[in-house]
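Observations on the three-dimensional arrangement
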Amino acid sequence: RSLPDVLALLDRAFALPALSRLDRIDAEALTLTLDDRRAGRRWVVGDGRFTLRNDDAELALQLGLSLVGGGQTPAQATLTFVLDKASRGARASATVDQVAARDLATQAAPLAFLSVLEAPISGRLSTEVLPDGSVTALEGALTLGAGALHPTDGARPIGFDQAGLAFRYDRAAERITFSQITAQSPALRISARGHVSVPGIAAGIAAGLAPGPVPGLAQEFIAQIETDQVLVDPEGLFQEPVRFSRGAMDLRLRLEPFSLDIGQIALVEEGRHLRASGRIGASPDGWQVALDLALDAITHDRLLALWPVSVVPKTRNWLVQNVQEGLLFDVKAGLRLMPGAEPRLSLGYEFADADVRFLKTLPPIKRGHGYATIEGQTYTMVLDRGQVTPERGGTITMGGSVFSVLDITRKPAQAEIRLQTDSSVTAALSLLDEPPFRFMTKAGRPVDLAEGRARLATLLRLPLVPKVQIADVRYEVEGDLTGVTSAVLVPGKTLRAERLRLLADRKGLTISGPGQIGKVGFDATYRQ
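Residues numbered from 1 in each chain as written. Predicted model: local features only at pLDDT ≥ 70, side-chain atom pairs only at ≥ 80, totals over all residues. Heavy atoms only, no water.

A look at the packing of aromatic side chains
The full count for this structure, using the stated rule, is 9 aromatic pairs. When the centroid spacing of 6.1 Å and the interplanar angle of 80° are considered together, the rings of phenylalanine 258 and tryptophan 287 count as edge-to-face. In this pair, phenylalanine 258 is assigned in the loop between β16 (246–254) and β17 (259–269) and tryptophan 287 in strand β19 (residues 286–299), connecting sequence segments 29 residues apart. Judged by its relative accessible area of 8%, phenylalanine 258 is buried. Owing to a relative accessible area of 15%, tryptophan 287 belongs among the buried residues under this scheme. (Phe/Tyr/Trp six-rings, centres within 6.5 Å; stacked < 30°, edge-to-face > 60°. Helix = DSSP H or I, 4+ residues; strand = E, 2+ residues; numbered from the N terminus. Buried < 20%, exposed > 50% of the residue type's maximum accessible area, 1.4 Å probe, protein only.)

Here it is in structure tokens:
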């Protein structure tokens, strides 16, 4: 029924007169079949080595095993059991080399979480067992070789190069304390420590061969982890490695079915705080991911370093080329992955003091404030305020301007830009004389032909390609010119108008409305 029971039976056998003077038994070249009905697993063991030592104080048994089947690679294990004849308690230890993680998980109940890994494990375990068979403590240090997280056949394995654990299990508290947790792969390096609560495991172990799920193998693990270092560097994913020097995680792992609930991940680096929550599951069809992330503040170049280069690359490249600087804050992102469906990414952030260039031929918007979002296939950036300074006429305010990519999956993606401008007439005409418009140059008129205010709405449509040709740009301009005066339009006369309507597109420029030339009223339309 328990390890001490087995050793006690052997002790009573060695107390028989015929065996009382026997103090050692050795056997080699053993072949054994281990049928673990509790775990529902069966192993064939070859090249076994057996030693039993008996003295007045202890009965010690050592078994060396070579696993012929059941492991990923040829594996070795040395098991040692010692019975204290006075206390009737026992000590057990194991040294393992290249034993399959899933095999070890079935034999060390607190380590059942290893069952979702495909990897060889080497290291040591030791424990103390009371006469009733209960485990008082378990401690060990294990090294995992190259392997993968692979909870279901349908979920694509997530590989790693190596990992390490140093831990102690407290039966009374039902808690595993990890003094060291390390993992390394091409995509991730982590160093951490923490503890894991395993509720109900003690009762499960005591249940012995009770029917139902494997007794003593925990199905739920509640973890609180502190990280010393997290380095995320998937090849080709980020512009540069993403590093966090400290952090904390609250996690809950369930094995059947596999799910990892992320109550909180909080990572800190250089005053930057990243928080995440969500759920990762694995079904027979594949991975299911629902993650939400938040950053308090970050510069735009650091956000681009965090933005995977393969996720909506055209939009990302536009940001690289056109958003020149600025502080981003209240950054929120969401990722949803479902088997057989396209990944869904949402991103939203506010920005301040950013320089934004909507079109390379136009001067950049300076000191821009606003917000940006990615929802489904649409990217949108809205300017609450900002200003452009053309060659003549002073600054143009740009509040309310919008940049959007209606379908970021289209190749090439098509951008739509809606500029809302308020400025002097000279500044507006100066902007309209920049490429690709060149309205005033084509009309043979100077940009300072009139004074007044101009409130214009400009719609631009263009492809997001490295070199935008003028023929690829579609534009429409409409708005009002108010308080207009000009001594240039009609030589020798002053033209005045309270409000004129301006329309412009690739076909030409139209200005219309009522006004006065000198004392003579007019209602006219000018077309170029």
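Continuing now.
A short note on the nonpolar core
The biggest cluster of nonpolar side chains holds 123 residues, and the ones touching the most others in it are Leu114 and Tyr349. By residue number, the principal contributor to this core is helix α6 (residues 425–432), which donates 6 residues. Among residues more than four places away in sequence, those in contact with leucine 114 are Ala101, Arg102, Leu104, Ala105, Ile121, Leu142 and Leu165. (Core = buried A, V, L, I, M, F, W, Y, C linked by side-chain atoms within 4.5 Å. Contact = heavy atoms within 4.5 Å.)

Some words on a nonpolar patch on the surface
A surface patch of nonpolar side chains, amounting to about 290 Å² of accessible area, comprises Leu16, Leu19, Leu22 and Ile25. If you trace the backbone, leucine 22 turns up in the loop between α1 (3–15) and β1 (24–36). (Patch = residues over 30% accessible without salt bridge, like charges linked within 9 Å, V, L, I, M, F, W, Y side chains within 5 Å. Areas by Shrake-Rupley, 256 points an atom, 1.4 Å probe, with all protein chains shown as cover. Salt bridge = Lys/Arg side-chain N within 4 Å of Asp/Glu carboxyl O.)

Re the sheet that holds strand β10 (residues 158–160)
Spatial ordering of the open sheet is given by β6-β9-β10, a layout of 3 strands whose pairing is antiparallel. Lying at the two open borders of the sheet, with one neighbouring strand each, are β6 (117–118) and β10. In terms of strand pairing, strand β9 (residues 147–149) meets β10 through 3 bridges, oriented antiparallel. Within the sheet, the bridge partner assigned to leucine 149 lies in β10 and is isoleucine 158. (Pairing = 2+ DSSP bridges.)

Description of the confidence of the model for the protein chain
This prediction gives the protein chain a mean pLDDT of 85; 90% of its residues lie at or above 70. By mean pLDDT, helix α3 (residues 201–206) is the weakest element of the protein chain at 59, and strand β24 (residues 396–397) is the strongest at 96. In the model, residues 207–216 has pLDDT below 50 throughout and makes 14 contacts with residues more than four positions away in sequence or in other chains. (pLDDT = per-residue confidence, 0-100.)

Section: the environment of glutamate 28
Following the sequence through the fold, glutamate 28 ends up in strand β1. Relative accessible area serves as the criterion here: at 68%, glutamate 28 is assigned to the exposed category. Distance in space between the C-alpha atoms of glutamate 28 and glycine 48 is 6.1 Å, their sequence separation being 20 residues.

Re the pairing of strand β8 (residues 135–144)
In this sheet, β8 lies alongside strand β7 (residues 120–129) in antiparallel orientation, the contact comprising 9 bridges. Residue pairing for β8: arginine 124 is matched across the bridge by alanine 141. Where β8 lies against strand β11 (residues 162–170), 8 bridges are found, and the strand directions are antiparallel. Counterpart to threonine 143 in the pairing with β11 is glycine 164.

Examining unusual backbone geometry
The step from glutamate 256 to proline 257 runs through a cis peptide bond, and the omega angle for that step is -10°. Mapping proline 257 onto the fold places it in the loop between β16 and β17. With omega at 10°, the peptide bond leading from proline 435 into proline 436 counts as cis. Checked against the element boundaries, proline 436 lands in the loop between α6 and α7 (439–443). Of note in this structure, glutamate 174 is not a glycine but carries a positive phi near 50°. With respect to the element layout, glutamate 174 can be found in the loop between β11 and β12 (175–184). For arginine 367, which is not glycine, the phi torsion reads 55° and is therefore positive. You can see arginine 367 is positioned in strand β22 (residues 365–375). For arginine 367, a relative accessible area of 58% gives the class exposed.

Concerning the pattern of salt bridges
Under the criterion given, the structure shown has 26 salt bridges. Here aspartate 11 ties to lysine 85 by a salt bridge, and the two come within 3.4 Å at their closest N and O atoms. Of this pair, aspartate 11 sits in helix α1 while lysine 85 sits in the loop between β4 (75–84) and β5 (90–100), and the two are 74 residues apart along the sequence. Judged by its relative accessible area of 13%, aspartate 11 is buried. Between arginine 193 and aspartate 228 there is a salt bridge, with its nearest N and O atoms 2.4 Å apart. Here the residue arginine 193 occupies a position in strand β13 (residues 188–197), and aspartate 228 occupies one in strand β14 (residues 220–232), the gap between them amounting to 35 residues. Overall, the relative accessible area of 34% leaves arginine 193 in the partly exposed class. Residue classification places aspartate 228 among the partly exposed residues on the basis of a relative accessible area of 37%. The network of salt bridges with common partners includes Glu220, Arg252, Arg254, Asp261 and Arg279.

What about α1?
For α1, spanning 13 residues, the distance from its first C-alpha to its last is 19 Å, which sits close to the expected 18 Å at 1.5 Å a residue. On its buried face, α1 sits against β1, β2 (41–54), β3 (58–67), β4, β5 and β7. (Expected span 1.5 Å × (residues − 1).)

Overview of the environment of alanine 173
Among the secondary structure elements, alanine 173 is positioned in the loop between β11 and β12. Classification of alanine 173 as partly exposed rests on a relative accessible area of 47%. For the pair alanine 173 and valine 198, spaced 25 residues apart in sequence, the C-alpha separation works out to 8.8 Å.

Some remarks on empty space enclosed by the protein
Under the criterion given, the structure shown has 4 cavities of 30 Å³ or more. What the largest cavity holds in volume is close to 80 Å³. The residue inventory of the lining of the largest cavity, partitioned by class, reads 8 nonpolar, 3 polar and no charged. What the second largest cavity holds in volume is close to 70 Å³. Contributing to the lining of the second largest cavity are Phe358, Leu359, Leu362, Pro363, Ile365, Val388, Met398, Leu419 and Leu431. (1 Å grid on protein atoms, 1.4 Å probe; cavity = no way out; pocket = protein on both sides within 12 Å on 5 of 7 lines; lining within 4 Å. Points joined across faces, edges and corners; volume = space filled by probe spheres on them. Nonpolar A, V, L, I, M, F, W, Y, C, P; charged D, E, K, R; others polar.)

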